[in-house]
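Letter by letter, the chains look like this.
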Amino acid sequence: MNQLGLPPIIQGGMGAAVSSWQLAYAVSSEGQLGVVSGTALETVVARRLQDGDQGGHMRRALAAFPYQDVAQHILDTFYLPEGRHGQPYRPMRRITIKPHTEHDQLSVAANFVEVWLAKQSGKGKVGINFLEKLQTATPAALYGAMLAGVDAILMGAGIPREIPQLIRDFADGKPGHLSIDSERPSGVDAPVLEFNPQEVFGAAPKLNKPAFLAIVTAEVLASYLARNEETRPDGFVVEHHSAGGHNAPPRRMQETETGYGPLDEPNFQKIADVGLPFWLAGGRSTPESVTEAFALGAQGVQVGSLFALSNDSGLLDKYRKQMLDAARNGNLRVRTDHRASPTGFPFKVVELPGTVGEESTYQARPRLCDLGYLRSSHIDDAGKVTYRCAAEPDAPFIKKGGEEDDLRARICLCNGLMASIGLGQERADGYHEAPLLTLGSTTTDVESMLKVHPEGWSAKQVVDRLLSGAPANVK
Ligand SMILES: Cc1cc2nc3c(=O)[nH]c(=O)nc-3n(C[C@H](O)[C@H](O)[C@H](O)COP(=O)(O)O)c2cc1C
């Protein structure tokens, strides 16, 4: 343990619900930091309820939610005891820059549910991961996680400069505010989204303040955030561009296979000089690379891919097994795709048959945007707000002022990632959303784990392997 009381192993947040409560529960049961993904949880929980709430976990956690009228309304709206019988999932309201009480209540409850369930081990700590890019979803989601007593907030994919204040305000029982990076005419202030617990629930209790770890790729961002008391996190996860999911763009696009070059390697000495605790992520899954992380001054490591491939993860078994089979045959291919994500950030795409990471399956998908978590907001001179996502159909995107070139080769992350965890939409026209899979590009870590556990592994076995590389005084 270190000054933050956080353990050496962090199981990285993996959206959406790849790092489900079950995975975080398994990791925290081992005394390490299990992290649930806070991405799109209101859709995840609403869909689990529509699928009959297997195991009764959603209802069990909702029964512990402090606002029972809200919990009951959610059950009345979404719970189908017999499942959907092949019917599409209910459409969800897409989030905007304006608060919306019913949606906010659902979001708070869903984040509460996921953290509450993960915490039932009563042993280690539980964190939640948010993406800075998904700003409009963040305040309500963060509040729900804090209501369930989350121990740590981890946030990447952007510059989380307002999050420390948001956490402090919620802990003090005050409304929280977040500026939204809308595109807008010059001279117009950024819109500010407010989440006011008193208005949404009629109560605003004081809450425990979790630790805040900013996920950064370079020392520049770490020292920028640490410089000012308002923006200073409690620590960092320093994530290499080999990590799964979204990556920070290269400082300068290189002619390499990934687009990254030597400029994108973090300077560990400068990060240590910032003086805050840090964990290293991205290709840190062998005992040797864990030992090295400690030698570089880190408190430990954050690992994603090996946990995603463990049998405790939220990934649908068949996709997990398909990836393990590919790795067994030396055939697991992960590309750094600079076009796939509508956010414009590079995204790691696993190239597997039957997934949208493969060209023919991608081409067969009719474009549609019905979840909209990655939509950006645009304010015109008259103050009118429009929303667009570069993975939506061409015509509306261009009508709303988007550039045609921006549409090329974008993948609908929202629907693809939902399908990877078995919650893919089955559309009324008969189209079933195909999955999108992501992993870190250090596939050799997967291959070497397979040598030790040829039939696959549990989250506990990942923890044991990582700890075998840690110095004796932290185990
Ligand atoms: C399936 C998957 C989904 C991920 N999703 C997120 C995410 O939603 N937010 C985030 O900050 N990092 C995400 N990551 C990154 C992990 O949290 C972790 O930092 C990274 O995977 C570490 O690299 P490794 O896979 O080589 O261990 C994801 C990684 C994977 C494999």
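The notes below deal with the structure included here. Residue positions are given per chain, counting from 1 as you read along its sequence in written order. Selection of residues for local features in this predicted model requires a pLDDT of at least 70, selection of side-chain atom pairs for listing and counting requires 80 or more, and totals for whole chains, interfaces and linings are taken over all residues. To obtain the side-chain values, all non-hydrogen atoms of the structure were used and water was disregarded.

Comments concerning helix H9 (residues 219–227)
Step number 1: Three labels apply to residues, based on accessible area from a 1.4 Å probe with only protein chains included: buried if under 20% of the type maximum, exposed if over 50%, partly exposed otherwise in between. Each helix is a run of H or I in the DSSP string that is no shorter than four residues. Each strand is a run of E no shorter than two, and both are numbered from the N terminus. Inspection of H9 places Glu219, Leu221, Ala222, Leu225 and Ala226 among the buried residues, and these make up the whole buried set. Down the axis of H9, the buried set is contained in an arc of 165°. They therefore lie on one face. In this structure, H9 carries Val220 and Arg227 as exposed residues pointing more than 90 degrees from its buried face.
Step number 2: Contact between two residues is taken to exist if any of their heavy atoms lie within 4.5 Å; hydrogens are not considered. In the core, the buried residues of H9 are packed alongside strand S7 (211–216), strand S8 (235–239) and helix H10 (268–274). What the arc covers is the set of directions going from the helix axis to the C-beta atoms.

With respect to the packing of aromatic side chains
Step number 1: Aromatic rings from Phe, Tyr and Trp, taking only the six-membered ring of Trp, are treated as a pair when their centres fall within 6.5 Å; an angle between ring planes under 30 degrees marks them as stacked, one over 60 as edge-to-face, and anything in between as tilted. In the structure shown here, the tally under the stated rule is eight aromatic pairs.
Step number 2: Pairing Trp21 with Tyr25 gives two aromatic rings, centres 6.5 Å apart and planes at 90°, and the pair type is edge-to-face. With Trp21 and Tyr25 both in helix H1 (residues 21–29), this residue pair falls four residues apart, about one helical turn.
Step number 3: For Trp21, a relative accessible area of 7% translates into the label buried.
Step number 4: Ring centres of Phe170 and Phe195 lie 5.8 Å apart, and the angle between their planes is 85°; this geometry places the pair in the edge-to-face category. Linking Phe170 in helix H7 (residues 163–171) with Phe195 in strand S6 (residues 192–195), this pair joins segments that are 25 residues apart in sequence. The burial state of Phe170 is the same as that of Phe195; both residues are buried.

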